[in-house]
Structures are given as C-alpha cells and as structure tokens.
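These are the residues of each chain, in order.
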Amino acid sequence: MSTGWDVKHRLCQAINVHDLHAVLECYSPDAVLVCPAGVAEGRDQIAWIYEQLFKGFPDYCQTPWLEVDCDDPAVSEWTITGTHAGPFLLPDGRELRATGRHVTLRASCLSYVEGGRIVTHREYFDQLELYSQLGFGLVELDRESQD
C-alpha cells in the first residue's frame, strides 16, 4: 500500500505533465479540493479546476522544495511557474485572455490520504501575487468609503 507521500509525489508528477487522468487517480471519488479558486467536491469538479489551470498555463509546473516530516496530513511547500498563454477564469466569472506573462508563486498544501488516495487536499497561495504578476494593479478605494 502506498503512503501519503507516495500519492503526493504521483500527484505532483501527473500535474507537471498535465495528465488529468493520472491526477484524478490520486483522488478518492468523493475527495474535496480546497484552493483559492474555490471548493471542488468529487472528481468531476476537481477535474474542472485542473482543466482550467492547464488551459490557462500550458507550461504550468510545481517544484516542491519542502516536505514536512509528517504523514497525516502530508504538508509541502513548492514554487509554481507558468506562462499565461490561454484563457484564465477570474473570480468574478470573466475570462482573462492570454497575457503572455510568466508567473512564479510560492505555495503550500496539505493532503489527507486514506486507502492510497487523497480525500482532502488544501492548496494555498497569494492570489494578489498572482494577479499582480498577470498585470492587475490594486484599485484605489473611493475616499468616501474610507471615512
């Protein structure tokens, strides 16, 4: 039987080659993925999250650089890199067309694994860092709303 770390390593490898079938094999059928894009429940919703990511960043890659010495949950940090070369869904439902910008983000995740599959996977990264690298700036607040 595989350990939680075996599963996380398989997941990272599948993500880096954009093998959606192999990605989904790492998750239990009723798994939950919590990420800045929202909450995905079950493989169909999880597949949709990864499909959006792979479309928007065709060269998306995760490079792990820290694995915390624990099994449940398995916790790691990594660097995300990619070029925004396809449509990217924004939180308000609009689609951002390719900007050609390269992004580099620090991220972390934790995974709970049961029976050789991920049951809960939580990913964290700074969305402001992502949007800034994509060319979005902060919008100045209306002075009246600050008073």
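Please refer to the structure placed before this passage.
Draft legend 1. The arrangement of the packing of aromatic side chains in detail. Under the defined criterion, the tally for this structure stands at four aromatic pairs. With a centroid separation of 5.8 Å and an interplanar angle of 80°, the aromatic rings of Tyr-131 and Phe-136 are classed as edge-to-face. Note on Phe-136: relative accessible area 32%, which makes it partly exposed. Joined through ring pairs, the aromatic side chains of Tyr-27, Tyr-50 and Phe-54 make up one cluster.

Draft legend 2. Focus on helix H1 (residues 4-16). Here H1 is 13 residues long and its end C-alpha atoms lie 18 Å apart, about the 18 Å a rise of 1.5 Å per residue gives. Inspection of H1 places Gly-4, Trp-5, Val-7, Lys-8, Leu-11, Cys-12, Ala-14 and Ile-15 among the buried residues, and these make up the whole buried set. Immediately downstream of H1, the backbone of His-18 shows phi near 55°, a positive value.

Draft legend 3. Layout of the pairing of strand E2 (residues 38-41). Sheet topology note: the strand E1 (residues 27-35)/E2 ladder contains four bridges and is antiparallel. Looking at E2, one finds that Val-34 is bridged to Val-39. Joining the antiparallel neighbours E1 and E2 is a turn of two residues.

Draft legend 4. Local environment of helix H3 (residues 42-56). Its 15 residues give H3 an end-to-end C-alpha distance of 22 Å, which sits within 8% of 21 Å, the value for a rise of 1.5 Å per residue. Burial in H3 covers these residues: Gly-42, Ile-46, Ala-47, Ile-49, Tyr-50, Gln-52, Leu-53, Phe-54 and Gly-56.

Draft legend 5. Region of the structure containing the nonpolar core. With 34 residues, the main nonpolar core has Tyr-27 and Tyr-50 as its most contacted residues. Those elements that place two or more of their residues in this core are H1, helix H2 (20-25), E1, H3, strand E4 (74-83), strand E7 (102-114) and helix H4 (127-133). Not counting residues up to four positions away in its chain, the partners in contact with Tyr-27 are Leu-11, Leu-33, Arg-43, Ile-46, Tyr-50, Arg-117, Ile-118 and His-121.

Draft legend 6. Structural detail: the environment of Val-75. Relative to the assigned elements, Val-75 resides in strand E4. In sequence terms Val-75 and Pro-58 are 17 residues apart; their C-alpha atoms lie 26 Å from each other. Aside from chain neighbours lying at most four places away, what touches Val-75 is Trp-5, Leu-66, Glu-67, Val-68, Cys-70, Cys-109 and Leu-110.

Draft legend 7. Region of the structure containing the sheet that holds E1. A sheet is described by the order of its strands in space; here six strands give the open sequence E2-E1-E8-E7-E4-E3, paired in mixed fashion. Two strands lie at the open edges of the sheet, namely E2 and strand E3 (61-67), each paired on one side alone. Shown here is a sheet whose adjacent strand axes are inclined to one another by a mean of 20°, direction ignored. By the bridge criterion, eight bridges tie E7 to strand E8 (residues 117-125) in an arrangement that is antiparallel. Pairing of Cys-109 across the sheet is with Glu-123, part of E8. Each of E1, E3, E4, E7 and E8 is contacted by H1, which is oriented at about 155° to E3, the strand it contacts most.

Draft legend 8. The arrangement of the side chain of Gln-62 in detail. Mapped onto the elements of the fold, Gln-62 is located in strand E3. Judged by its relative accessible area of 9%, Gln-62 falls in the buried class. Engagement of the side chain of Gln-62 in a polar contact is seen with the side chain of Tyr-60, the distance being 3.2 Å. Ignoring anything within four residues of it in the chain, the contact list for Gln-62 reads Cys-12, Ile-15, Asn-16, Trp-78 and Thr-79.

Calculation rules
- Residues numbered from 1 in each chain as written.
- Predicted model: local features only at pLDDT ≥ 70, side-chain atom pairs only at ≥ 80, totals over all residues.
- Heavy atoms only, no water.
- Phe/Tyr/Trp six-rings, centres within 6.5 Å; stacked < 30°, edge-to-face > 60°.
- Buried < 20%, exposed > 50% of the residue type's maximum accessible area, 1.4 Å probe, protein only.
- Helix = DSSP H or I, 4+ residues; strand = E, 2+ residues; numbered from the N terminus.
- Expected span 1.5 Å × (residues − 1).
- Pairing = 2+ DSSP bridges.
- Core = buried A, V, L, I, M, F, W, Y, C linked by side-chain atoms within 4.5 Å.
- Contact = heavy atoms within 4.5 Å.
- Axes fitted to C-alpha atoms, helices over the stretch in contact; angles between N-to-C directions.
- Polar contact = N/O pair within 3.5 Å; in protein donor to acceptor, adjacent residues only side chain to side chain.

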